[in-house]
Structure formats: C-alpha cells, structure tokens
Amino acid sequence: MKPMMGTLFALMLSVGLLSAGAIAAPGQAPLPRDSVYQLPVHLIDQHGKAFDWSSKRGKVQLVSMFYTSCQYICPLIVDSGKAIEKQLTPTEQQRLGILLVSMDPKRDTPAALLTVANKRKLDPARWTLASPRPGDVREVAGVLGIRYRALADGEFNHTSALVLLDGEGRILARTEQMGTQPDPEFIQQVRDSLRTARK
Amino acid sequence: MRRILALLLLLPIASLAAGGGGYVDLPAGKFRTALKYEDRKGDTRIAPFALMRKPVTNAEFLAFVQAHPQWRRDRVGRVFAEPRYLSHWVAADKLGNTALPQQPVVQISWFAAQAYCKAQGARLPSWDEWEYAAAADETRRDARSDPAWRERILRWYSRPSNQALPRAGLQTPNAYGVQDLHGLVWEWTEDFSSLLVSADNRDQGDADNAKFCGAGALSMDDRDNYAVLMRVAMLSSLNAADTTTNLGFRCAKDLE
C-alpha cells in the first residue's frame, strides 16, 4: 500500500502543482494576485542549492532567461545586467538581486552555470544563475513574457528581456534593450524601486 | 485510508465526466508543415497521440473551476489570467445566458488551459500535433492542397466574430474523427510561445534580427495556406495570461 500512497500523493501533487500557487510560509502575508511567485518554480543555482524562486521575496529582483551555451544574445543579457549594476550606488547594489533562469536546464547543470558566473565575474552576493525543472520552463517564460523555441542543433531561438520585480514579485518594468548601453528610463525605474524597497 | 481509496475510485469518474466527448487516437505520421523552420528540413515526424474530439465547453470548464476554486475568475493569480478571463460568465461560478453549457469555453488563458488539461492527466497539443490533425477534411488526412477546402476554411475566418458561438461538436468529424478544428474557435497549443514570427513579414527568416538568439526565425513555407498563417500570427501575438472572445482549447495525451 505504501508505494501506492506515494504514487497517489505524487499524482495529487502534480495535479495541484500549477493551480495551487505558492503557499505562503507561516507568518507571511499571502502573495498578491499579480505576483509572479504565484507560480511555484523549483530552481537549482550555480552552487547546487535548491530553492523556490519565491524565496527571493522581500528583495527587488532583475530577472531574465538565458542559457549557457548561447553564443549571441545571451552574453549581452549578462552585459545588460552588469551595465545596470554599474549605474547604481553600492547601497542600491546591495538591495538588488539579479536572477538568470536557464531555458536549457538539461544542459545547464550547476557546474555549467558556475563556469559562466566565474568567467563573467558575477558577484555571488547579487547574481543567481539557476535552472528550473525541464517541464517548468515554458511556464516561467509565460509569467515573464519571454518566447523561445528549441532548435534542432541545441540552440534556442528566443526573445530577450530584463524584468524588474518588486519585493512581492510584481512586474514593475521590463526592457528588451540588451547590451552595455541600458535604457535610461529602465535604469530610473530600477533606482526608484530600490529607493522604496526595504534593505 | 478509506478516504484515499474513495478518492481513488472517484478520480477516473471525475475525469470522464470532465472529458465530455472524450479523445480520439491519431496515428504516427510524417507531415510537411506549412511553416518554414530554418533548422528543420524535410518532414516533421508526429508520434501517435490522442486528441479531444471537441474543444472544451463552458460546462466542462465550470466543473473544473468548481473542483479547483483557485481557477475562479475572482481568485486566479493575475499572472495566470488577465481581467477578462471568463468575463462572459454571469458569475465566477455560474454560466448564465451569455455562456451556454455546450458552447466552447473562450476567454481562457494558456495557464488556465494548461491547468485544466493537467487535472485530466493530459496536456495541450503541440503546434505540430494541432496542424497535423487540422490538415484533414472529412475524408482525407491531408486535404490542404485542395483549393475548395481552403476556401471553405477561409470563409469562416471572414465571418464577423461578434456573433454567438455555435455549440461544440456540431460539425462533421474529420478523417481522424476530430471535430471543430476549423470553423468554431481558435485554440491554444502547449508551445504557442515557440512561434516566433517577426512582426514584419519582410523580416522573416532574417538571421540578423537581434530580437532572436541565433538563426531559426520562422516563416511560411506555404504562403497560400492563409488558415495556418492566421493561426500562427494570432498565437505568436499572445501572452500566456491573455484571453480573447474566440480563443479556446482542447487537450491531448501521449499514446504508447
């Protein structure tokens, strides 16, 4: 009976997964209805640490999707994050988290993610590179408004965006301008959100 | 323990009831898509799958919402469904006169469609599967080269969309036994957001388009197939939380 219970539990979990929404931890107010953290997303980061992305709650986040073997646009996504970081004061920098979610979790193991983080000298205090479960990628892309298609040669065709989330996971702004010259209006929105955010 | 057993007994019945017209099995096949993928040459292989005979109806979706109240329009996360979600129902848990039980459900987001299919132990069909099933007319598995058939489909697209929707399941089944793939509502696919069509037709297939990583932009291989072209243009313009007055869905399942 025990294995059957396990299967049943797994079944109920999988049925409820999408619909249940993230369950607020005890003592925490329920998530707002327009929070992307309503979608439960289990991630594993560049250090092999597993977490739900809603654990980023409480801190302003800059979120994007990428994959490590990408030759063209993805390095520009990292450039964009770094360029925005550069425009901020040290205090502002401390209040910001940058989360890059892989659209290629089968190949983007913690080791692959760490290689990029090290090569691009990304401060681990701020930058999280992480892979979701393969079956969750399209849903993550769905709440972030990112489109992608896996190509026959292992590359991905995808749109690129940086999405600014407030501490509750609500989308405040987005930019599709990639590279070392960020959109000044977007920078301003990042600064505004950090001013009102608690540390 | 007894409660779990009772639940186990209930599960198949509940999914049958929600399934309505049930599923039709489609055989494996090789298929020439009307789309042009730069990275994909030759035929697309379709694995055998099962597809719902009809689109999901208001009555079926109401049963789902009652069983999963987090999908009520007054409770659903805004990231999963925009404010127009199920807005044609008279109340969050009632259809009313503007949404008849046997009409296909519309004003439905991709997330809501996904959740419905998941609760059935199913999934949304892929674009390839949808296009494969929709290539058939009543007698032929691939009627796409027949100008008369194309004409018939196009006539539906030219009808104004502000008229009341017919009931699901009224049209003659196609060669696979599937109904209403054309002529009733547009339908979500699981991979709708993989359809990356450049906004400007003339840019199609331009690898320099900086919006996309690498080559592989999508364009039309069969430019006379307007029915497919319009579906793709529509799906490629949507976000996952969007809903429209004539966009519904049906579920699919793996076979084997």
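Higher on the page you've got the structure.
Predicted model, so just to flag it, every value in this text is computed and none were measured. (Residues numbered from 1 in each chain as written. Chains lettered and ligands numbered in written order. Predicted model: local features only at pLDDT ≥ 70, side-chain atom pairs only at ≥ 80, totals over all residues.)

**Considering the environment of Val56 of chain B**
Note on placement: Val56 of chain B falls in the loop between β5 (49–52) and α2 (58–67). Along the chain, Val56 of chain B and Leu196 of chain B lie 140 residues apart, while their C-alpha atoms are 26 Å from each other. (Helix = DSSP H or I, 4+ residues; strand = E, 2+ residues; numbered from the N terminus.)

**Thoughts on the pairing of strand β9 (residues 171–175) of chain A**
One face of the sheet, then the other: side chains in a regular strand alternate in exactly this way. All names here are of chain A. Bridge count for strand β8 (residues 162–165) against β9 is four bridges, and the pairing is antiparallel. Among the inter-strand pairings, Val163 is bridged to a residue of β9, identified as Arg174. Counting the residues between successive antiparallel strands, the hairpin from β8 to β9 contains five residues, one of them, Gly169, with a positive phi of roughly 85°. (Pairing = 2+ DSSP bridges.)

**Quick look at the sheet that holds β5 of chain B**
Residue and element names in this part refer to chain B. In space, the three strands of this open sheet follow the order β1-β5-β9, with antiparallel pairing throughout. Each edge of the open sheet carries a strand with a single partner, namely β1 (23–26) and β9 (252–254). Put simply, the sheet's adjacent strands are angled 25° from each other on average, direction ignored. Pairing of β5 with β9 involves three bridges; the strand directions are antiparallel. Bridging across to β9, Phe49 finds its partner in Asp254. (Axes fitted to C-alpha atoms, helices over the stretch in contact; angles between N-to-C directions.)

**Description of unusual backbone geometry**
Of note in this structure, Lys121 of chain A is not a glycine but carries a positive phi near 50°. Within the secondary structure, Lys121 of chain A sits in the loop between α4 (110–119) and β5 (127–132). Unlike most non-glycine residues, Gln107 of chain B shows phi in positive territory, near 50°. Secondary-structure assignment places Gln107 of chain B in the loop between α2 and α3 (110–119). Gln107 of chain B sits in the buried class, given 22 other C-beta atoms within 10 Å. (Buried ≥ 20, exposed ≤ 12 C-beta atoms within 10 Å, placed from the backbone.)

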